[in-house]
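Tertiary structure, described
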Amino acid sequence: MITPQANYAVFGNPIKQSKSPAIHQAFAQQLEESLSYRAVRVEHEQFEEKVRGFFQHGGLGLNITVPFKERAFALADSASAAAQRAGASNCLVPQREGGLHAANTDGVGMVRDMVANLGWQLQGRRTLIIGAGGAVRGIVHPLLSERLGSLTIVNRTADRAAELAHRFSSTELTLAAGGLEAAAGGVFDLVINATSASLANEMPDLADIQLAPKCCCYDLVYAAEPTAFMRWSAAQAAWAIADGLGMLVEQAAESYYLWRGQRPGTEAVISGLRHGLMAG
Ligand code: ATR
């Protein structure tokens, strides 16, 4: 009897640059499992239909990327706390009893990269997030679980930052929010760039802030060369600086675990991708 291959995919638009197929194949190889994982460009008006069709045809798990994460959350039958708080899902898991479960592994992936891979301590940290788009929605809930000292969200469009602060306001932590100038004079131990400015090799027009002596700076974007934010961080004498390549691999590892119950190692996969990036 021929067993059909376990079938996974990432849905997005655009999708060409996706590294997810290579990452999941590397995980499967490491764990001596066999699966197929495709990157699929989905037309905007067909998203829900394509998701349902994928699972009806035996699909075992989907990653969802821009611009469909909110719609993935909306079509699921249940959701994790992180996905609920974000109102967005990057990982759909079919349930044994039927229906789809929406998870959000982006923030867990980022926190795991910071804590387990980079050895950063998050507890008590005065944290600044720059940006208030979709990427930020995914990371706030897991960050708050790390018992930060404070969290400030600033954004070029101040209203979007205020909206997010309202969405994530918690009993344990008061979130501050405002325009990019709202961080002026602040002292921070952790600064996260979650804007898409790095993709245009630009640094957000941030007010003067002070980096505390052991300040860590993290860009959600990754690239072969240090991003504009990473170069800015170096000029500010940040203690540690990282890009989001580890987060990409860690969110994939968490997805793999949710689908297959096995947690792949990530170190070799991250360094393999880094080599690939450097080699162009
Ligand atoms: P993503 O899913 O990557 O978060 P998004 O939802 O389009 O994408 O959000 C992009 C974020 O980057 C926003 O916070 C955006 O600021 P605005 O809300 O004011 O648009 C921010 N951004 C993009 N380019 C920027 C730049 N050059 N300077 C500062 N912020 C920038």
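Residues numbered from 1 in each chain as written. Predicted model: local features only at pLDDT ≥ 70, side-chain atom pairs only at ≥ 80, totals over all residues. Heavy atoms only, no water.

Some remarks on the site of the ligand
Rules: Whether a residue is near a molecule or strand depends on its heavy atoms: it is near if one of them lies within 4 Å of it. Under this definition, polar contacts are N or O atom pairs within 3.5 Å; protein pairs additionally need one hydrogen-donor-capable and one acceptor-capable atom, and for neighbouring residues in sequence, both atoms have to be side-chain atoms. Using a 1.4 Å probe, the Shrake-Rupley method yields the accessible areas, and only the shown protein chains count as cover for residues. Of the two site types, the cavity is a set of points on a 1 Å grid over the protein atoms alone where a 1.4 Å probe fits but cannot get out, and the pocket is an open set with protein on both sides within 12 Å along at least five of seven lines, each lined by residues with an atom within 4 Å of a point. Any molecule with more than half of its atoms within 2 Å of a cavity's or pocket's grid points is regarded as sitting in that cavity or pocket. Residues are grouped as follows: nonpolar covers Ala, Val, Leu, Ile, Met, Phe, Trp, Tyr, Cys and Pro; charged covers Asp, Glu, Lys and Arg; every other residue, Gly included, is treated as polar.
Neighbouring the ligand are 14 residues; Asn-155, Arg-156, Thr-157, Arg-160 and Glu-202 lie closest to it. Between the ligand and the protein, one listed contact pairs an oxygen atom with a backbone N or O atom of Ser-196 at 3.0 Å. In the complex, 74% of the free accessible area of the ligand, which totals 650 Å², lies under the protein chains. Taken atom by atom, the bulk of the ligand overlaps the largest pocket. A breakdown of the residues in the shell around the ligand according to their chemical character gives 4 nonpolar, 7 polar and 3 charged.

What to know about the layout of surface pockets
Selection rule: Grid points are joined across faces, edges and corners, and a volume is the space filled by probe spheres set on the points. Numbering of helices and strands runs from the N terminus; a helix is a DSSP stretch of H or I covering at least four residues, while a strand is a stretch of E covering at least two. Either an automatic procedure or a domain database provided the assignment from which the domain bounds are taken.
Considering only enclosed or pocket space, the largest pocket measures out at about 1600 Å³ in volume. Along the walls of the largest pocket sit 48 residues, with Thr-65, Val-66, Ala-135, Leu-199 and Val-221 positioned nearest its centre. Mapped onto the lining of the largest pocket, the elements with two or more residues apiece are β3 (61-64), α3 (69-75), α6 (134-144) and α9 (245-260). A per-element tally of the lining of the largest pocket places α6 first, with 4 residues. Looking at the lining of the largest pocket residue by residue, the classes come out as 21 nonpolar, 17 polar and 10 charged. Inspection of the lining of the largest pocket shows a minimum of three residues originating in each of domain 1 (6-103) and domain 2 (107-111 + 120-243).

A few points about the sheet that holds strand β7 (residues 126-130)
Definition in use: Criterion used throughout: strands pair if DSSP finds at least two bridges between them. Helix axes are fitted to C-alpha atoms over the stretch in contact, other axes to C-alpha atoms as well, and angles between N-to-C directions run from 0 to 180 degrees. Only heavy atoms enter the contact rule, under which two residues are in contact if any of them lie within 4.5 Å.
Spatially, β9-β8-β7-β10-β11-β12 is the arrangement adopted by the 6 strands of the open sheet, whose pairing is parallel. Looking at which strands have only one partner, the edges of the open sheet turn out to be β9 (175-179) and β12 (240-242). Strand after strand, the sheet turns through a mean of 20° between neighbouring axes, direction not considered. Note: β7 against strand β10 (residues 187-193), 4 bridges, orientation parallel. Looking at β10, one finds that Ile-130 is bridged to Asn-193. Running over the sheet, helix α8 (residues 228-235) touches β7, β10, β11 (210-219) and β12 and is turned about 165° from β11.

Remember that the coordinates give geometry; whether it matters functionally is a separate question.
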